[in-house]
Each structure stands twice: as C-alpha cells, then as structure tokens.
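# Notes for the structure review
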Amino acid sequence: MRWDAIVVGLGAMGAATLAELARRGRRVIGIERFPLPPAHGSSQGGTRIIREAYFEHPLYVPLVQRAYDRWQALERRTGVRVIVPTGGLTIGPPDGRLVTGALASAAAHGLAHTVLTAAETADRYPAVRLPAGVVAVHEPRAGVLLAARAIAALLDAARQDGAEVRAGAPIAGWEVVDGAVRVVIDGETIPADRLVLAAGSWMPALVPELAADLQVERNVVHWFRPPASSGSASSADAFGPDRLPVLVIEDAPDHLLYALPSMRSLGDDLEDGVKFACHHSGVLAGSADAVDRQPAAADVAAIRADVSRYLPGLGPEPVRSSVCTYTNTPDGHFLVDRHPQHDAVVLVSPCSGHGFKFASVLGELVADLVENVNVHGMLAPFAAGRYSAPGNPRR
C-alpha cells in the first residue's frame, strides 16, 4: 500500500498533523520510535502553559488564538478536557524582555491585560511573591494545557478517522525517489506521496543538512508541594488551578523561569505539585541520544532559591524531577517548512522550547503544506533557509 503521507514523530506536532490529515480523508500512517505516550522528547509530561500576550513576538498571537479554537474543537469532538483557564502572569523588570514583549503583543492585538505591582500581585495571588521593582502583566486567557491528555485525544481522533499508528518503531532511514517517499522501519519499506518529519530532538539526525542550525538542550523540570509541616489542605489549595496562575518569569536577562499550578485536583492522572523549571538551561548535548536523562542533585540545587523567592510557601525539595529536551533554532523561532531539497518532505519542529501550545494550529498548517493548498504567509518566519539571509540572528 502506498500512503498519502507518513508522519514520523508522534509528540504534539506529529499527533496534531496526523489527526488533521486523517480528518481530511487522507490515508496516513504515524510512526513513533518510542512507546506511547511520549516520554523521551519535548512533548513528554502532563502539562504545558498556553498564553496569548506572547513576549517572544507579536506574530505568534494570531497563531495562538487559532490554537485555542482548535484545542476547544478537540475537546468538543472527544469529550476530553485539554485546556484549564488559570490566568497568567508574565513577570519581570518593567523594561525587561518579558514584560515589554508581552505588552507589545497585547498592544498590537488589543489583548485584555493588567499590569500589577508586586504588592497588587500578592493581594490577588497570595502564594506569589515578587521582588521589589518587579511587575507582572496579567492576562486572563492564559492557562494550562493538559499535554498528555491532548496527545492521546489527537491520536484517538486520528485512529477514528482511519489513520494507522505504529509505536516503538524507530525509522532506519528515508529517501525520496522520483518524487515519492520511502521510509524504512523494521526492515520494511513504506512508500508514500509525502513525508512529515516531526521528530523533535531527533531532527538533526534525520535531516543532517540542517543539523548545524539545531541544538539539543537538556532541561530539568521539578514539582514542589507545601511542606507537610504547613498543615491543612488549604495550604495545598493555594497552589491549585483556581488560585495560582501560570507564571513566566524573567529573574535576570539570561535566567527565565516558569511555573504551573498543581493539577491533581482535576484528576488522579494529572501532576501532583507545582511544576517549576528554568526555561533554557544552556546545557547542550550533541544529540538526543546523548542527553543525560537522570535528574541530579545539582539540578535541584540550581532551582531551590528561585522557588523560595517567587513561591515561598512551597517546600525546598521537589517531590519529583524529570528531564526533557528542547531543540533550538538559532533565532529561537520555529522550523516549519518543506525540506530544502525535497518538496515531498515537510519539516515541523524544532520549536525551541515554546511550541506545544501551537500544535493544534500547526497541525492544520502542516496539513496544508502536505496538500499544497492555502500555503500560509504566516509560516514565512519559520522557513528553513532563513538563517542564511543577511542580518538574521544566530545565538
């Protein structure tokens, strides 16, 4: 059988693309090198932040607004809750990158927001403390994406629409011959008209032409709870989704943090404890397979002071820690484009550690690239060849 499309990698981007192509009636197969749900890449774990006043650049705002719509459509179709509104705070110096960026996006797109002082933040959110001179941009639409549930719902929808899913099957290679694609797994050659590579941290190995511009980064995520000595359940409740917003923090120009409320009150399958981590550790690995997957004492020591500074009611020791990976482009923006040498191959991700929330809309846009219809100008900033253009940044 020759497929209309093969999707390699079934994290958020691949699952969303597979579901969208299947919804459109395409004969599609999704291939994931590890057992599902994903546990080794950028899509592992139960929760992600979704936010609208996007400090990275105003160009992301229309994308995230469409992403909200598509996540809500997935909820309606499957009956699975994947978005939990909590509100969000973008925290930092008034002239810092995060606050000025969030305000620029809010102004450009007319987004509801409020700027809070440290005292006003503590009054509204008693669990949160801000250092003197720091402000918070509050946005009411921000919240938590239930990531593992979302991927499972996307894959269930894809299967219902006829897609085939193969997990635990790393591909041995791919090639394009006379405009058609061939992928080899377990000694079997699978032919297709189109190939979507959505393999996250394994993209440098699968697309060596771009490997010089893709950096795999090790990041450690922790979950903290109030100390047992704090007593009542009300202490833990202060860190739940009804009382703690998602936080994105500029602690210093080169030190960004984020936190999500404990979600356990919404289901036993959800994370118990406040998720707290550094955004971009700077610890690079030569490849996805070279990443040290074991959290270490030094990883915990590096985050303790940050937790006590912004969420002092939490205990100093995490109840759990986990290693994930980012795959970073030179300018921190996404990579979504056709392969530079092969029109039959579409690349989606790497996303430089901030892409999950966009998966629902990128699934649509990648499906358009696969079908060569409605190819959107909004993908131009994510083109594969942009780094070679004069004046484009590398970092």
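Refer to the structure presented above.
These notes cover the structure that comes with them. (Residues numbered from 1 in each chain as written. Predicted model: local features only at pLDDT ≥ 70, side-chain atom pairs only at ≥ 80, totals over all residues. Heavy atoms only, no water.)

### Overview of the pattern of salt bridges
By the definition in use, this model includes 23 salt bridges. Arg24 is paired through a salt bridge with Glu371; the nearest N and O atoms lie 2.8 Å apart. Of this pair, Arg24 sits in the loop between helix H1 (12-23) and strand E2 (28-32) while Glu371 sits in helix H9 (residues 359-371), placing them 347 residues apart in sequence. Put simply, Arg51 and Glu56 hold a salt bridge, and the shortest N to O gap is 2.7 Å. In this structure Arg51 comes out as buried when scored by relative accessible area, which is 7%. Here the salt bridges do not stand alone but share partners, grouping Glu20, Arg23, Arg24, Arg26, Asp368 and Glu371 into one network. (Salt bridge = Lys/Arg side-chain N within 4 Å of Asp/Glu carboxyl O. Helix = DSSP H or I, 4+ residues; strand = E, 2+ residues; numbered from the N terminus. Buried < 20%, exposed > 50% of the residue type's maximum accessible area, 1.4 Å probe, protein only.)

### A look at the packing of aromatic side chains
Scanning all chains against the criterion turns up 9 aromatic pairs. Taking the centre distance of 5.2 Å and the plane angle of 85° together, the rings of Tyr54 and Phe358 count as edge-to-face. Here Tyr54, found in the loop between strand E3 (47-50) and helix H2 (60-78), pairs with Phe358, found in the loop between strand E20 (345-348) and H9; they are 304 residues apart in sequence, far enough to count as distant. For Tyr54, a relative accessible area of 0% gives the class buried. Here the aromatic cluster, defined as three or more aromatic residues joined through ring pairs, consists of Tyr54, Tyr60, Phe334, Phe358 and Phe382. The cationic tip of Arg141 hangs over the ring face of Tyr68; the distance from NZ or CZ to the ring centre is 4.1 Å. Just above the ring of Trp223 sits the side chain of Arg320; from NZ or CZ to the centre is 3.9 Å. (Phe/Tyr/Trp six-rings, centres within 6.5 Å; stacked < 30°, edge-to-face > 60°. Lys NZ or Arg CZ within 6 Å of the ring centre and 35° of its normal.)

### Describing the nonpolar core
Counting 78 residues, the largest nonpolar core has Leu18, Trp71, Phe334, Val336, Phe358 and Leu362 as its most contacted members. If we skip the residues at most four places from it in the chain, Trp71 touches Ile50, Val82, Ile83, Leu145, Ala150, Leu154, Phe356, Lys357, Ala359 and Ser360. By size, the runner-up hydrophobic cluster in this structure holds 29 residues, among which are Trp3, Ile29, Ile185 and Trp202. (Core = buried A, V, L, I, M, F, W, Y, C linked by side-chain atoms within 4.5 Å. Contact = heavy atoms within 4.5 Å.)

### A closer look at the packing of H2 against H9
Here H2 crosses H9 at 95°, and the two axes come no closer than 7 Å. Considering the angle they form, H2 stands roughly perpendicular to H9. Here Leu63, Arg66, Ala67, Arg70 and Trp71 of H2 come into contact with H9, specifically with Ala359, Ser360, Val361, Glu364 and Leu365. (Axes fitted to C-alpha atoms, helices over the stretch in contact; angles between N-to-C directions. Parallel < 35°, antiparallel > 145°, perpendicular 65-115°, else oblique.)

### Here we look at helix H5 (residues 147-160)
Along an α-helix, residues three or four apart share an orientation, since each turn contains 3.6 residues. Spanning 14 residues, H5 covers 20 Å between terminal C-alpha atoms, matching the ideal 20 Å at 1.5 Å per step. Within the sequence span of H5, burial applies to Ala147, Ala150, Ile151, Ala153, Leu154, Leu155, Ala157 and Ala158. If you follow the buried residues of H5, they end up packed against H1, E3, H2 and strand E8 (143-146). Immediately beyond the C-terminal end of H5, within one or two residues, lies Gly162, with a positive phi of roughly 105°. (Expected span 1.5 Å × (residues − 1).)

### So, the pairing of strand E10 (residues 171-177)
Both E10 and strand E11 (residues 180-185) contribute to a ladder of 6 bridges, which runs antiparallel. Looking across to E11, one finds that Glu175 is bridged to Arg182. Counted between consecutive antiparallel strands, the loop separating E10 from E11 contains 2 residues, among which Asp178 sits at a positive phi close to 55°. (Pairing = 2+ DSSP bridges.)

### Some points on the sheet that holds strand E4 (residues 83-85)
Ordered in space as E3-E8-E4, the 3 strands form an open sheet in which the pairing is antiparallel. This sheet does not close on itself; its edge strands, each paired only once, are E3 and E4. On average, each strand axis in the sheet is tilted by 30° relative to the strand beside it, whichever way the strands run. With 4 bridges joining them, E3 and E8 adopt antiparallel strand pairing. Along E8, the bridge assignment pairs Ile49 with Val144. Across the face of the sheet, H2 comes into contact with E3, E4 and E8 while running at roughly 115° to E4.

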